[in-house]
Every structure is written in structure tokens, then in C-alpha cells.
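Remarks on the overall topology
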Amino acid sequence: MAGSRVVIVGAGVVGAALADELSARGWDDITVIEQGELPAPGGSSSHTPGLVFQANCAKIMTQFARYTVDKFRGLGCYFPIGGLEIATTPARLTELHRRQGWLTAWGVDGMVIEPDECVQLFPLLDRDQVLGGLHVPTDGLAKAVGAVDAQLSRAQDRGVRVLEQHEVLDIRTVGDRVTGVITDKGQVPADIVVCCAGIWGPKIARMVGMNLPLTPLAHQFAWTGQIPTGQREEAVHPIVRHQDGDLYYRERFETLGIGYYGHRPMPVDVDDILSVDAAEGMPSIQPFTEEDFAEAWRETNSLLPATRETKIEEGINGLLSFTADDMPLLGESPDISGFWVAEAVWATHSAGVGRAMAEWIADGYCSSFDLHECDVNRFEPHQLAPEYVHTRVCQNFTEVYHVKHPLEPIQEPRPLRTSPFYARQQELGAYFLEASGWERPQWYEANAGRVRDVPQPDEWVAWYWSPISAAEARTTRENVALYDMTSLKRLEVGGPGAFGFLQWMVTGDIDKPVGSVAYCLLLDEDGGIRGDVTVARLKPRLFLIGANSNLDFDWLRRHLPANTWIRDSTAGTCCVGVWGPRARDVVRPLITIPGYLGTVPVTALRSSYLDEPGWELCTTADMGAKLWDTLWEAGEPHGVIAAGHDAFTSLRLEQGHRAFGTDMTFEHDPYEAGLGFAVDEGKDFLGKAAVLRRKENTERKLCRLTLGDVVMGKEPVYDGETCVGYVTSAAYGYTIGTAIAYAWLPARLGEPGQTVHIGYFNRRLPAVVVAEP
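Summary of the structure given here. (Residues numbered from 1 in each chain as written. Predicted model: local features only at pLDDT ≥ 70, side-chain atom pairs only at ≥ 80, totals over all residues. Heavy atoms only, no water.)

A word on the overall build of the protein
Along the protein, the regular secondary structure elements total 17 helices and 41 strands. For the protein, the C-alpha radius of gyration of 27 Å lies close to 28 Å, the compact-globule estimate for 773 residues. Principal axes of the C-alpha set define a box for the protein whose edges measure 85 × 65 × 50 Å. Put simply, the protein has 773 residues, and 60% of those count as buried. Only carbon and sulfur atoms are counted for the fraction: they give 48% of the accessible area of the protein, which is about 29,300 Å². Side chains of the protein carry 68 positive and 103 negative charges; the gap between the two charge centres is 5 Å. (Helix = DSSP H or I, 4+ residues; strand = E, 2+ residues; numbered from the N terminus. Rg over C-alpha atoms; globule rule 2.2 N^0.38 Å. Buried < 20%, exposed > 50% of the residue type's maximum accessible area, 1.4 Å probe, protein only. Areas by Shrake-Rupley, 256 points an atom, 1.4 Å probe, with all protein chains shown as cover. Lys, Arg positive; Asp, Glu negative; His and termini not counted. Charge placed at Lys NZ, Arg CZ, Asp CG, Glu CD.)

Thoughts on the environment of Pro 467
On the secondary structure map, Pro 467 appears in the loop between strand S23 (438-444) and helix H11 (468-478). In this structure the C-alpha to C-alpha distance between Pro 467 and Ala 362, which are 105 residues apart in sequence, comes to 51 Å. Contacts of Pro 467, omitting those with residues within four sequence positions, involve Val 451 and Val 454. (Contact = heavy atoms within 4.5 Å.)

Observations concerning the pattern of salt bridges
Inspection of every chain in the model, using the stated rule, returns 49 salt bridges. A salt bridge links Asp 325 to Arg 378; the nearest nitrogen and oxygen atoms lie 2.8 Å apart. You can see Asp 325 sitting in the loop between strand S19 (312-323) and strand S20 (329-332) and its partner Arg 378 sitting in the loop between helix H8 (350-363) and helix H9 (386-398), a full 53 residues away along the chain. Judged by its relative accessible area of 33%, Asp 325 falls in the partly exposed class. Its relative accessible area of 12% is what places Arg 378 among the buried residues. (Salt bridge = Lys/Arg side-chain N within 4 Å of Asp/Glu carboxyl O.)

Digging into the sheet that holds strand S15 (residues 239-242)
The strands making up a sheet are joined through hydrogen bonds of the backbone, oriented either antiparallel or parallel. The sheet built from 9 strands is open, its strands ordered S6-S7-S5-S15-S16-S17-S14-S19-S18 with mixed pairing. Of all the strands in the sheet, just strand S6 (111-113) and strand S18 (285-286) have a single pairing partner and so form its edges. In terms of strand pairing, strand S5 (residues 83-87) meets S15 through 4 bridges, oriented parallel. Across the sheet, residue Leu 84 finds its bridge partner in S15, namely Val 240. (Pairing = 2+ DSSP bridges.)

None of the figures reported here should be taken as evidence of function without further support.
This is the structure in C-alpha cells:
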């Protein structure tokens, strides 16, 4: 037998893809359990309209879609008729240029075209309303039911068992491992269970005590009567998005399918969704509510005048899976070994997800895709609360087609997490954005009087910007400033095995005296960067880890030996960064014995993203307000200010410090990311052999660019007319007087002095590769 005993729960388009991909890797004991009758068992895959639009701000989602397009074409389950996103307002037309930039950056061809070209591609459009469009030739229609059938057939040819009309009643576990799946027709033994149950996913996950942050919502889709076009093929013209109207369209011979996101959110409790046996029809389809579709029909009649001569013949309120951050839920349970999920995945991305999950399960990591944005363990505890998930998914539904700024914070529910400094920050006029639920100051109105001449960015960059940030950055460089660093994750690792465990997990040597701090990386088995961390040795067997997110906590916890413990101390602690040339003048008089700042017990770390003298000062949450007040009182004679995250980002980029999740992710290795200095090749660590192999074959490089205009990140970078990479972080360097961007480029373009161009909406901005500071 090759591989473990695997049971896949759900034979929709995701479960079928996983069965196909995993069996193709030689695993030969795979069972697919489906409650309905195949190939249309009654879940979301059975009613999906099948539109595949590949444009997405998240690189991983476009990559999933690209793989799905290629695979479905090979299976004969795809109409490559192209996609057309139209603009009926100037703001939307501008947004289409941004979306075209994402496509180009992620490797998909697309072009913004003129109104006449839009009408040529889709003749039903009213030419007078269209300002332009984004045409993607490889977009099209996926035949989801056909894809289920084709992929399961291939899997069955390799020996995969498919048990249809079997309802899952429970998941059997022994200790913290899965051992089988109990159905209404008996038990199926398993070492690995993968939940691909779609809208029923939370119900299946509950069987092992897992809280899956997913909510099904009803989405309206309708078919018109005949529109006399003489069309004899199912689909000839592109699929169309009219995002200004929250609408999309697809052909079916001489009728038109209309999808609508402009109606009220209609969440459904998973326990109210009937099983296939209990439902009269498809349990994923609810009755069509015509009153909710009225505006969609009026807008359609306006944009597509030919529809005025017909009517809506049929419609559904079809259930789809939504999450709090609009991303899929992939990965293994944090508590039950062997229980995996592949949820909140639409047909557009299904085959790509199947490939990624197969690699992850079989190899222990995914080499084809960077999954950090999709990992089910990314959430903070409050983000798993049912009320939070409900509020977020309803808001996300209403904003599916909105123009979203990269810095745009969630509006509700807020505030959720506030540091002990929150009241003081409000008094200083803090403008708050949100980070992992924390209210994080972006700048402070109290510093408005410090503003001098500041270059004015364009309208897009200025959405969540203030010239005050420039004053805060300059004051940090010239004097001293307080930064609220509470939102950064803090982990404690202790026990007899703590040193040996961390020495293996991180790339740096932490065999240092108590009181030492080391900047290190966490690597995957393939040498990819899992995260960057600081490791402070507080006691011989106690370490404080400065981490990025819950993924770091999950990664360390999964590798934890029995004689070591780990805990997330973030919520019960707080942190202030005191940085600038006069930081010593503020802090040193307050420290009379180690471990105390005035009356406040602190852990003081000499570390800084800004390369300015100073400390990160951590204490318990109950002493946070006192810590702030003590520093403020001591700092007033030295001109101390509070500074926000916008100034922090500017100063970080001035000094060339990378940020995990933005500048580098799972797909990158330390050497190409410019972090080779954090790798101690003289010691053993997880991923060492793989990363040293990668070191010998570096084909790309994270490069520092300077340019005249500020960009935002995720823009394509061109060498001549060829897209060669994309921007990661970007900001204006207020104290060096130039805009800065970091970008992934071919290694041949990484030498200082090379000129490239950044695609910014419909402009090409010249940028120069410069040396690291």
C-alpha cells in the first residue's frame, strides 16, 4: 500500500479534485464518501453557474484559478470563451487597470479595452453606458458537474472507492487522532479524513471539536427567457461582470444567466440545511425571492436592452460558502491529527486546491503554491466566534464587487482588541486602522503642528494617509518616539527541552547567554520561509518569541516535544517601542535595577525594525497604562511624541527590513529574500539541507527600488515590455526624500543601477534598483 488510508468527505468539485490528485501521486487506499447521488449530489457544485474569472488581488487565488483552467480544459470541462469586466463609472475603469496589473503580475494575460471593443465581444451591451472593459481571453465557463464526473472517473481507474448515498454521522477518534468515519451504512477506517463537505463543512468539523469559521449564504441566480440571437452553441461570447451593478452574466444558447450580489445578505445556519435524503430537491437551493432580484432585473434591462423583450423564467437562491476574510480554509486541525479541511472553495479554484492539498498531505508541505493566506490555522481566537464570523461574512457579501483599498479596515465589529494605551492614544487624536482585531494607530493628530513640506501622494495612495506621518518619521530619526507594538504576537516557550527545540526550529544560533536576542527564520522542510522571529533568552529554559501571526504559533506547536511547553502571551501583555537617538535619555534614568522601569516590571529588548537606538518594552496588560505614562512623563523634556504605523512602515523600508507575509512568504528562501545573514550554516535546523540546495540555484531576488511616485504593492514590474516581477512593500521614505518599493525580480536585474518600470494603474513608472542600506 502506498500512502495512508484516506477518507474524503464530499464528492463535489473539491473532493473530486483531491481524489484525482492524491491518487495520481500513487496513494492507493482512498475512499470518497458522498451523501448524494453523483455526479450532481446536491451541494454548491451541483448548481454553480461555473464562471471562472481569474483576476484577484491575492496571488494564490489567481494561481488556483490558472491551474483549474488548464486542468478543466484538458478534461473537456471548460469553455475558454474569455471574460469581460465592464466599467460604467470612471472609478470602475480606474479599478480595471489595477486588476489588469494583478493579472499581469500573477502571469495571466489581460487587457483593458475600449467601449467599442467591449460591444464587439458582447453585443448585448448598451454602448452608451460602457466606458471600457477588462478582457481576459483565458477566462471562461467551467462545467462543474462534468469536472466532478471526469475527475472521479480518473480516480476510480486508479482504485479509488466512491461511496455515494452514504451520510456521515460521526468521525471516530482515539486520543488526538482520527481512526475512521461512521456513516449510515457502516464505518470506514481512516488515518486521514479530509472534509470537503462545502456548506456542510462546519457540521462535519464539529464532529472532531473543530470550529470552522464558515457561513453559507444564499446568492441569487436567474435565467431569462429566450433572447432572439440565433445562437446555436451553449456559450460563444465572454462571461461578463458588471461590478458597478453587483451583477454578472453568462450565456446558455439564446438565454442569459444573471448572478446578483446586490441583495441583502441571507445567511443560513448550517444546522438548518437539510441532508440530501431529507430535502425534496437540492438542499443547497432555496426558493427564489423575486423581490430581492427586482433591482438586478431593472439594471439588466438598462445595460442589456434586448432583455426588455423577455422575462425571468427561473431562479434560485443558491447556497455558497463564505469566510471572514474571503479566503479558503485549508489544512489540518490544530487538535486532531489526521483531520484536514478543504473548505470555502468555489469551482473557479477547485482543481488548484485539489493539487495543493494532495501535495500538502503527501509530502508534508506544498511546493506548487504558497498557502499562508489559506491556512485554516491563521485565525485569532476572536475570529472564530460565531458572531464575528456572521458579521464579517455578511459584510463581505455586500462588498464582493466593491473597490477595496489595500489599507481599508473592517468596519464591524470594532473595536475588539485595544491595548492598555488606547485611552491615551485617543487623547492624542489617534487615527486607528485594524490589525488582527487590534486598534492600531496610523498617525496622531496631536502631531499636526510638526508637519513641514511633504510631497502629496496621488488620490489613491492618500485614502488612508496623512502628512502627519512624515512629521512622526522625522521626529523618530531626529529625537524619540513611542510606538504601540502590542499587536505583534508574543509567544513564550519553556521547559527542559525548550533550548533544544528552538535551536532545531530556527535558522540562527540561540546558544547564547540569558539576556541575548537573536533574529532568526522558521523554515519549512523544503527550505521555504515559514516566518521570521526574534528569540530572546529570558532564563536558561525560558524564551520569548517575537512572532508574526497565529501560523507561527501553530507551526511551533505542531513540532513541540513532550518536555517543552508553548503559550501565546500576546493578549495578556503589551509592548511599547521607544526609538530614536534620544531613547536612551528617556529610558536609562528609569531603570535602577534590571527588570523594572520605574515601578513597572518590564522585559526590555534591544531590537528595532527602524535601526534606531532604543528598546521594545514589554509588560503585563494591567501595568500597560502605567508604562505609557511613565515613558511619556520622562520623555516630555526630550520632546517625545507618539508615532503611528504609517511612519513605522516608512522607516522600516528606509532601513530595508522585510515583513513576512508581504515581502517574503512560504515560497521564498532566505538567500533570495536577502536574509542569508539570519542562517547559521554551522548548525542543524529544520529545512537546512533543502535551503542549502536552493542557495546554489537562486534565479530571483527581492530587490530594493527607488522611484518618484509612491505605489501600494502588488503592481507588475516590467523590463521593457515584459513583466518580470511584482512589488511587495512600498512607501515614501520621508527622511531620505524618495519613494521606495521592494519587488521580486529575476536575479539578472538585481544589480544596482538597473532600470525597470512599475505598472501603476494605466501608467508606467520608472524605477531604479539600488543597493540595500
